Amino acid sequence: MVEGLHGLIPWAHAIVVLLAGAGMLVIVPLGLSLVAVPGPGVAVVRRWWVVVALPAAVSLWLPRGLVTATMALPYVTAAAVLLTGAVMEIAPRGQDRAGRAPGVREMGFDLALLTALAGPVIAGSALVAERAGYRLFGFGLDTLALTVAHFHYAGFAAALVAALLVDRKPGPVTTAAAWCVPGGTLIVLIGYFAGDAVQLAGAAVLTLGMWLTGWVTWHQARPLDLVTRVLFRVGTVVPAATMVLALDWASGLPHLPVSWMVATHGVANALGFALCSLLAWRRAAWGVVLVPPTSPGAPVASRA
């Protein structure tokens, strides 16, 4: 079958659907188990996440139309509640963080976390549009389907790992990663509208952030048990290779067709990076608990 610019061969489309469903049903719940965002509405959403995610994942396998678009609406609504809860928690800290302005590291942590929680909102919005057969912002339906998967992994998982790492291991390298990963993701998103040169710049910044994250993680994982250490190492090595494919794609040089990018870059990043990294963080119990700003003398974040 001949592909268009963003065309997907049927088997590649099936992979995208599987990855998107895994992002909603596995990656996001696993990541949310590592970060506690205060708020009663947030608590309800976290408890019922799989219930709202399951219809959205199932909708991907059904014909497009009003019914499948409606099935996806609870998902994007739940994602928006999570993001709103984080914004309401983080925004006051920018004005009153122990009586002083937030530092570069704290701002990087907040930016990475908010980017992570914005990922499912963007993915869910693309999903509703794609299921409705609506070309959101003029993008083709295959591009929207790719966006659903992309923002669960490069958006949610990568930014969350950067936030967790800068909290666990403060320093100039992790701070740079906490800025580069969400910054690169945002620039790539802007590049969809601004052109290929901007997309290439975003891919370069995102790649730098992921490589910095991997470099620190490789050393941080040494004292852990064998299984956790292997999971961390896999999550470190995979993006070191797969992000080269992303740079090649964004550069405009000869590159793999989009279907083979899905089968290589997409699958490897989803399973090798996102899943292995979040499982490793879960096993190591290195989560972050955001402390409500009303707590007297509370730190910005406390490590689990």
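Before reading on, note that the structure itself is shown above.
*Asks:* Would you explain a nonpolar patch on the surface in this entry?
*Replies:* A grouping of Val50, Leu54, Val58 and Leu62 is seen on the molecular surface, where their side chains present a nonpolar patch of about 300 Å² in accessible area. Tracing the chain through its elements places leucine 54 in helix H3 (residues 49–59).

*Asks:* Quick question: what am I supposed to make of the environment of arginine 131 here?
*Replies:* Assignment of secondary structure puts arginine 131 in helix H5 (residues 104–132). Arginine 131 sits in the buried class, given a relative accessible area of 3%. In contact with arginine 131, not counting residues within four places along its chain, are Ser59, Leu60, Leu62, Pro63, Arg64, Gly65, Thr68 and Ala69.

*Asks:* Would you take a moment to explain empty space enclosed by the protein for this structure?
*Replies:* Using a probe with the size of a water molecule, rolled over the atoms, empty space left in the structure can be pinpointed. Under the defined criterion, the tally for this structure stands at two cavities of 30 Å³ or more. Estimates place the volume of the largest cavity at around 90 Å³. Lining the largest cavity are 14 residues, with Val161, Thr213, Thr217, Gly235 and Phe273 sitting closest to its centre. The set of elements that each furnish at least two residues to the lining of the largest cavity consists of helix H6 (141–168), helix H8 (196–220), helix H9 (226–251) and helix H10 (258–284). As a volume, the second largest cavity reaches approximately 30 Å³.

*Asks:* Sorry, what's going on with the packing of H5 against H6 here?
*Replies:* To describe two helices that pack against each other, one gives the angle between their axes and the distance between the axes. Running from N to C, H5 and H6 point in directions that differ by 160 degrees, and their axes come no closer than 8 Å. Taken as axis vectors, H5 and H6 run roughly antiparallel relative to one another. H5 and H6 meet at a crossing whose hand is left-handed. Partitioning the contact of H5 with H6 into residue classes produces 22 nonpolar, five polar and three charged.

*Asks:* Whenever I open this one, the packing of aromatic side chains confuses me. Can you help?
*Replies:* Ring pairs (aromatic) are described by centroid distance and by the angle formed between their planes. Under the counting rule described, the total for this entry stands at five aromatic pairs. Where tryptophan 11 meets tryptophan 260, the ring centres are 5.0 Å apart and the plane angle is 65 degrees; that geometry is what we call edge-to-face. Highlighted residues: tryptophan 11 in helix H1 (residues 10–32) and tryptophan 260 in helix H10, separated in sequence by 249 residues. Assessed through its relative accessible area of 44%, tryptophan 260 is described here as partly exposed. Taking 5.6 Å as the distance between ring centres and 85 degrees as the angle between the ring planes, the aromatic pair formed by phenylalanine 137 and phenylalanine 193 counts as edge-to-face. Here phenylalanine 137 is found in the loop between H5 and H6, whereas its partner phenylalanine 193 is found in helix H7 (residues 172–194), with 56 residues between them in sequence. Taken as a pair, phenylalanine 137 and phenylalanine 193 share a single burial class, namely exposed.

*Asks:* Help me understand the pattern of salt bridges, please; the structure alone is not making it clear to me.
*Replies:* A full pass over the atoms with the stated rule returns four salt bridges. For arginine 105, the salt bridge is made with glutamate 106, and the minimal N-O distance between the two is 3.9 Å. A salt bridge links glutamate 130 to arginine 131; its shortest N-O distance comes to 2.7 Å. Side by side, glutamate 130 and arginine 131 carry an identical accessibility label, which is buried. Each of Arg64, Glu130 and Arg131 takes part in a single network of salt bridges with overlapping partners.

Criteria and thresholds
Residues numbered from 1 in each chain as written. Predicted model: local features only at pLDDT ≥ 70, side-chain atom pairs only at ≥ 80, totals over all residues. Heavy atoms only, no water. Patch = residues over 30% accessible without salt bridge, like charges linked within 9 Å, V, L, I, M, F, W, Y side chains within 5 Å. Areas by Shrake-Rupley, 256 points an atom, 1.4 Å probe, with all protein chains shown as cover. Salt bridge = Lys/Arg side-chain N within 4 Å of Asp/Glu carboxyl O. Helix = DSSP H or I, 4+ residues; strand = E, 2+ residues; numbered from the N terminus. Buried < 20%, exposed > 50% of the residue type's maximum accessible area, 1.4 Å probe, protein only. Contact = heavy atoms within 4.5 Å. 1 Å grid on protein atoms, 1.4 Å probe; cavity = no way out; pocket = protein on both sides within 12 Å on 5 of 7 lines; lining within 4 Å. Points joined across faces, edges and corners; volume = space filled by probe spheres on them. Axes fitted to C-alpha atoms, helices over the stretch in contact; angles between N-to-C directions. Parallel < 35°, antiparallel > 145°, perpendicular 65-115°, else oblique. Left-handed = near helix turned anticlockwise from the far one by under 90°. Nonpolar A, V, L, I, M, F, W, Y, C, P; charged D, E, K, R; others polar. Phe/Tyr/Trp six-rings, centres within 6.5 Å; stacked < 30°, edge-to-face > 60°.

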